[in-house]
Amino acid sequence: MDISFQLYSARNFPPLTDTLSNLARLGYNQVEGFGGLYADAASLANALKANGLSMPTGHFGLDMLEDTATAMKTAEILGIKTLFCPAIPPEQRSQDEADWVKLAEKLATLGETYKKAGFGFGWHNHDFEFKPTASGKLPMEILLDTASDIQWECDVAWVVKGGHDPLTWIDRYADRVPAIHVKDIAPAGECVDEDGWADVGHGTMDWQAILDGVRAKTKCQYFVMEHDNPSDVSRFASRSIDALKKLGA
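Residues numbered from 1 in each chain as written. Predicted model: local features only at pLDDT ≥ 70, side-chain atom pairs only at ≥ 80, totals over all residues. Heavy atoms only, no water.

J.: Residue-level account of helix H1 (residues 16-26), with values.
T.: The set of residues buried in H1 consists of Thr19, Leu20, Asn22, Leu23 and Leu26. Projection of H1 onto a plane perpendicular to its axis shows the buried side chains occupying an angular sector of 165°, all on one side. For H1, the secondary structure elements touched by its buried residues are strand E1 (2-5), strand E2 (30-33), helix H2 (41-50) and helix H10 (233-246). Of the residues trailing H1, Gly27 is marked for its positive phi of about 110°. (Buried < 20%, exposed > 50% of the residue type's maximum accessible area, 1.4 Å probe, protein only. Helix = DSSP H or I, 4+ residues; strand = E, 2+ residues; numbered from the N terminus. Arc of directions from axis to C-beta. Contact = heavy atoms within 4.5 Å.)

J.: I'd like a description of the sheet that holds strand E3 (residues 54-59), backed by residues and values.
T.: Remark on secondary structure: sheet strands pair via backbone hydrogen bonds, oriented parallel or antiparallel. Pairing is parallel across the open sheet formed by 8 strands, whose spatial order is E1-E10-E7-E6-E5-E4-E3-E2. With partners counted over all chains shown, the strands left at the sheet margins are E1 and E2, one partner each. For this sheet, the mean angle separating the axes of adjacent strands, direction not counted, is 25°. Here strand E4 (residues 82-85) runs beside strand E5 (residues 120-124); their pairing, made up of 4 bridges, is parallel. What sits directly across from Leu83, in E5, is Phe121. Its contacts with the sheet place helix H9 (residues 207-217) against strand E7 (179-182) and strand E10 (222-225), and it is angled at close to 175° to E7. (Pairing = 2+ DSSP bridges. Axes fitted to C-alpha atoms, helices over the stretch in contact; angles between N-to-C directions.)

J.: Just give me the short version of the environment of Ala188, but keep the residues and values in it.
T.: Turning to its location among the elements, Ala188 is positioned in the loop between strand E8 (184-185) and strand E9 (197-198). The spatial distance from the C-alpha of Ala188 to the C-alpha of Gly203 is 9.9 Å, given a sequence separation of 15 residues.

J.: Which residues make up the packing of H1 against H10, and what values go with them?
T.: Direction vectors running N to C along H1 and H10 enclose 25°, while the axes themselves pass 10 Å from each other. The pairing of H1 with H10 is recorded here as roughly parallel in orientation. Our pair here, H1 against H10, has a crossing hand that is right-handed. Where H1 approaches H10, its residues Asn22, Leu23 and Leu26 are matched on the opposing element by Ser234, Ala237, Ser238, Ile241 and Lys245. Partitioning the contact of H1 with H10 into residue classes produces 4 nonpolar, 3 polar and 1 charged. (Parallel < 35°, antiparallel > 145°, perpendicular 65-115°, else oblique. Left-handed = near helix turned anticlockwise from the far one by under 90°. Nonpolar A, V, L, I, M, F, W, Y, C, P; charged D, E, K, R; others polar.)

What follows is the structure, encoded as C-alpha cells:
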C-alpha cells in the first residue's frame, strides 16, 4: 500500500512547508495535490523534493482539466501520474439524467486526451453522485458507464454518506479503482466542529473490512488520507497513519 495524504486537509493550516516536513516526519512518502496549490508548480515540486515526498495523484477542477496543455505541464512538473476531477459546483448538480450524460461524455473526451499523453484520468466522488436523477438513475453509474474508460478514485466515506455500500460499488468497478480516499465518519453528534468527520480509525467506518475488500478486489495503489475539516491537521495526520499501520498497511 502506498499511503498518501490529500493536502486539501491542511489548507487551513499554513505554511505548506511545515505541513510537508511534518508529513515526512510521520512516515508519509506521498501526497495528493489540489487545484489551489498549482499556481507555482516549480516551487511546490522543490518543496516536495526537499522533504522526500512525491505527488503521484492530483485533483484538478474541470475548468483546469479543459486547459489540457496547462494541466499536463503542471502534472509533469510535479510528477503527477493520474489526474482526478474532484467535483462540479453545486449549481451544476442537476436532476436531469441528460446533464450527467453530457458531463460523462466530456470526461470521456478529456480522458482520451490525457491517456494519449501517458496520464491516468478519472473522477473522484462525493455523495451527490448517489442521489437519483429524475429518471431514477444515479449520476455515479451514468458517469462511470458512459465514460467507460475513465478511472475512479473512490472516496469511501462519501459513498457511505450517500447511503450506499462502498464495497458493492468497488466490486462493480474493481478494475477502474487505482486510488481510494481513506476517510472516517464520526458517530452521530460527535466532531460537530469538524463537520462530522473523524480521524481514520476513530470513527464508525470498518476500515479493516474495507481495506481487505479493496485489496482483494482491486489493484488499488494509492490510499489517500483525507479529512475535509480537521481542527488539528497534525493530530489527524498522526492518528490516521498510525491507525492504518495497525491494520497492516
